[in-house]
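Per-entry structural report
Residues per chain are reported as follows:
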Amino acid sequence: EQTVVLITGCSSGIGLSLAVRLASDPAKMYKVYATMRNLAKKERLLDCVKGLHKDTLDILQMDITDQRSILDARDRVREKRVNILVCNAGVGLMGPLEAQSLATMRQILEVNLLGTISTIQAFLPGMKAQGHGRILVTGSIGGLQGLPFNEVYCASKFAVEGACESLAILLQHFNIHVSLIECGPVNTDFLDNLQRAEPGDSSLQQVDAHTLSLYDTYLQHCGMVFQNAAQDTEDIVKVFLDAIQSSNPAFRYYTNNALIPLSSPKISALDGSQYIRNMSKIIFSTNGKGEQK
Ligand code: NAD
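Right, let's walk through the structure included here. In this text, all values refer to a predicted model and were calculated from it rather than measured experimentally.

The subject of this paragraph is the packing of helix 9 (residues 260–268) against helix 10 (residues 273–284). Remark: helix 9 packs on helix 10, axes separated minimally by 8 Å, with the N-to-C direction vectors making an angle of 155 degrees. What the angle tells us is that helix 9 and helix 10 run roughly antiparallel. Every residue of helix 10 that contacts helix 9 at Leu262, Pro265 and Lys266 is listed here: Gln274, Tyr275, Asn278, Met279 and Ile282. Of the residues contributing to the contact of helix 9 with helix 10, the split by class is 5 nonpolar, 2 polar and 1 charged.

The relative placement of two packed helices is expressed as an angle between their axes plus a distance between the axes. Relative orientation of the contacting elements helix 4 (residues 102–130) and helix 5 (residues 151–171) amounts to 15 degrees, with a least axis distance of 8 Å. As far as their axial angle goes, helix 5 and helix 4 are roughly parallel. In this structure, helix 4 crosses over helix 5, and the sense of that crossing is right-handed. Residues Met105, Ile108, Leu109, Asn112, Leu113, Ile117, Ile120, Leu124 and Lys128 of helix 4 touch helix 5, and the partners they reach there are Val152, Tyr153, Ser156, Lys157, Ala159, Val160, Ala163, Leu167, Leu170 and Leu171. When grouped by side-chain class, the residues that make up the contact of helix 4 with helix 5 number 15 nonpolar, 2 polar and 2 charged.

What follows deals with the sheet that holds strand 4 (residues 84–87). Remark on secondary structure: sheet strands pair via backbone hydrogen bonds, oriented parallel or antiparallel. Spatial strand order, 3-2-1-4-6-7-9: 7 strands in an open sheet with parallel pairing. The open sheet is flanked by strand 3 (57–61) and strand 9 (252–254), the only strands paired with a single partner. Strand-to-strand, the axes of this sheet are offset by a mean angle of 20 degrees, without reference to chain direction. Bridge count between strand 7 (residues 176–183) and strand 9: 3 bridges; the pairing is parallel. Counted as the bridge partner of Ile181 is Tyr253 from strand 9.

Cut-off values and rules
Residues numbered from 1 in each chain as written. Predicted model: local features only at pLDDT ≥ 70, side-chain atom pairs only at ≥ 80, totals over all residues. Heavy atoms only, no water. Axes fitted to C-alpha atoms, helices over the stretch in contact; angles between N-to-C directions. Helix = DSSP H or I, 4+ residues; strand = E, 2+ residues; numbered from the N terminus. Parallel < 35°, antiparallel > 145°, perpendicular 65-115°, else oblique. Contact = heavy atoms within 4.5 Å. Nonpolar A, V, L, I, M, F, W, Y, C, P; charged D, E, K, R; others polar. Left-handed = near helix turned anticlockwise from the far one by under 90°. Pairing = 2+ DSSP bridges.

The values are spatial; any link to function lies outside them.
Quick look at the structure:
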């Protein structure tokens, strides 16, 4: 019997790679429901699987901010069960907090937080009834530690951590495992897709010069981090496979060990100030060429 996997956000990036990898399994172990908000974007996924996967792949429309759309997708799963739910869809938001509109902030929370939670909600009764299940969530370094100019994104991802940890405690009683796959920078469309205040935007006109200069330094830092440390989606997919294939999956998997020392002061110095000092130094004391001032 195939393991039925439903993945959100499969038109690009991590979701697309994971869908392709699982649907290409030589033993056809998995039946993948690759879902995406906009089916017009399915060509990229279809190109990657080269049309060879009729019995291992189905593509469904699913906008995680639309409850009807989530339930419709769920009801289209022919096997009438989902063994593994992968909550992956998400969007970024970058810029000085003063420049963010309430509507934009709502939208980020709507997708990353409420979208993830409503997806889990929709599949939970089925998993409980079948007596087993896996819920995998694409987590972020921004869900574990604060990052300047990413306040709302981090808030949404921290919130996902809280929801997942809370659920994991309860779901032990139902043989349902929750795991977060914590990613650092990954080469995907994420940076292109995220909403970002760009120098010259009208939203930045009201922002003070000091903040704008720090934002500029941050953007250079961010560019450097992506250039030097970004992983490919294949690296992330390997970690998803570890979690999927483990008989007793961990709650958190880290895709990039280089990032763990950054958060360790949060645990070793519980008052939090050391992490804040370290991060400020790392981000704001470079001269833009990656050299320390
Ligand atoms: P991506 O932009 O390529 O993929 C995100 C996908 O989510 C897109 O296909 C997008 O269409 C989809 N999506 C957005 N809103 C949606 C909605 N309402 N309903 C359904 N789908 C929706 O970027 P990615 O890097 O593959 O992102 C996947 C996940 O990884 C996100 O949750 C992101 O926060 C997380 N992440 C990414 C990085 C990174 O550096 N790329 C780092 C840490 C965590």
